[in-house]
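Structural features, examined
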Amino acid sequence: MTPKQKLFIQEYIVDLNATQAALRSGYSERTAFRIGAENMQKPVIREAIEFAIKERSERTQLKADAVLKELSHIIFFNVKRIFTADGHLKSLSEMDEADTAAISSMEVAERMTGDTTIRVTRIKFHDKNKAIDSAMRHLGMYNNDKLSIGVMSHEDALAELE
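Scope of this entry: the structure provided in the associated data block. (Residues numbered from 1 in each chain as written. Predicted model: local features only at pLDDT ≥ 70, side-chain atom pairs only at ≥ 80, totals over all residues. Heavy atoms only, no water.)

**Some words on helix H7 (residues 128-138)**
Because the α-helix completes a turn every 3.6 residues, residues three or four places apart line up on one side. N-cap assignment for H7: the residue whose side-chain oxygen lies 2.9 Å from the backbone N of Asn129 is Asp127. Trailing H7 by a residue or two, Gly140 shows a phi angle of about 75 degrees, which is positive. (Polar contact = N/O pair within 3.5 Å; in protein donor to acceptor, adjacent residues only side chain to side chain. Helix = DSSP H or I, 4+ residues; strand = E, 2+ residues; numbered from the N terminus.)

**Some thoughts on the nonpolar core**
Among the nonpolar cores identified, the biggest contains 14 residues, and Phe8, Tyr12, Met40 and Ile49 are the most heavily contacted of them. Counting residues per element, the ones that place at least two in this core are helix H1 (3-15), helix H2 (18-24), helix H3 (32-41) and helix H4 (43-60). Considering every element that reaches this core, the biggest residue donor is H1, with four residues. (Core = buried A, V, L, I, M, F, W, Y, C linked by side-chain atoms within 4.5 Å. Buried < 20%, exposed > 50% of the residue type's maximum accessible area, 1.4 Å probe, protein only.)

**As for the side chain of Thr31**
Along the chain, Thr31 turns up in the loop between H2 and H3. Thr31 sits in the buried class, given a relative accessible area of 11%. A polar contact of 3.0 Å, which involves the side chain of Thr31, links it to the side chain of Ser28.

**Let's talk about the pattern of salt bridges**
Scanning the entire structure with this criterion turns up seven salt bridges. Linking Arg24 and Glu11 is a salt bridge whose minimum nitrogen-to-oxygen distance equals 2.6 Å. Residue Arg24 is found in helix H2, and its partner Glu11 is found in helix H1; the two are separated by 13 residues along the sequence. According to the relative accessible area criterion, Arg24 is partly exposed, its value standing at 33%. When its relative accessible area of 18% is taken as the criterion, Glu11 is described as buried. The residue Arg24 makes a salt bridge to Asp15 at a minimum N-O spacing of 3.1 Å. Salt bridges sharing partners connect three or more residues here, namely Glu11, Asp15 and Arg24. (Salt bridge = Lys/Arg side-chain N within 4 Å of Asp/Glu carboxyl O.)

Right, dumping it as structure tokens:
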């Protein structure tokens, strides 16, 4: 394996983009797409990438199951669960882990209106559609979206029409 190919492997696991990995590895803009695709077809490079990804997963203790679990908190989040029966927002300590995982940010502001303190809580949630899309991609649910183009002879095409 060449030094550029070794660097390609390291760069590929950054964002799983073969063209960008080729560019960052020193290949020209003109050839990066082709070289990236070629590298991904080479068994020795694919095996090295799989090993590097597995090694990183072990090192960081970040597993696909844990990522999917976090995505599932966002996907299955129901905003009703963070409110009490009488419609008041629960405190963070009253919310369960799955519900707080769906919260991206929370801002609390207090204002005085005469003798009354008004508390305004602004909650931003993680993007549910993006979480669904990420989970679907991971689970391979977009495979049916791929366009398959085949080449057949004129005789075969005529036979298909009959």
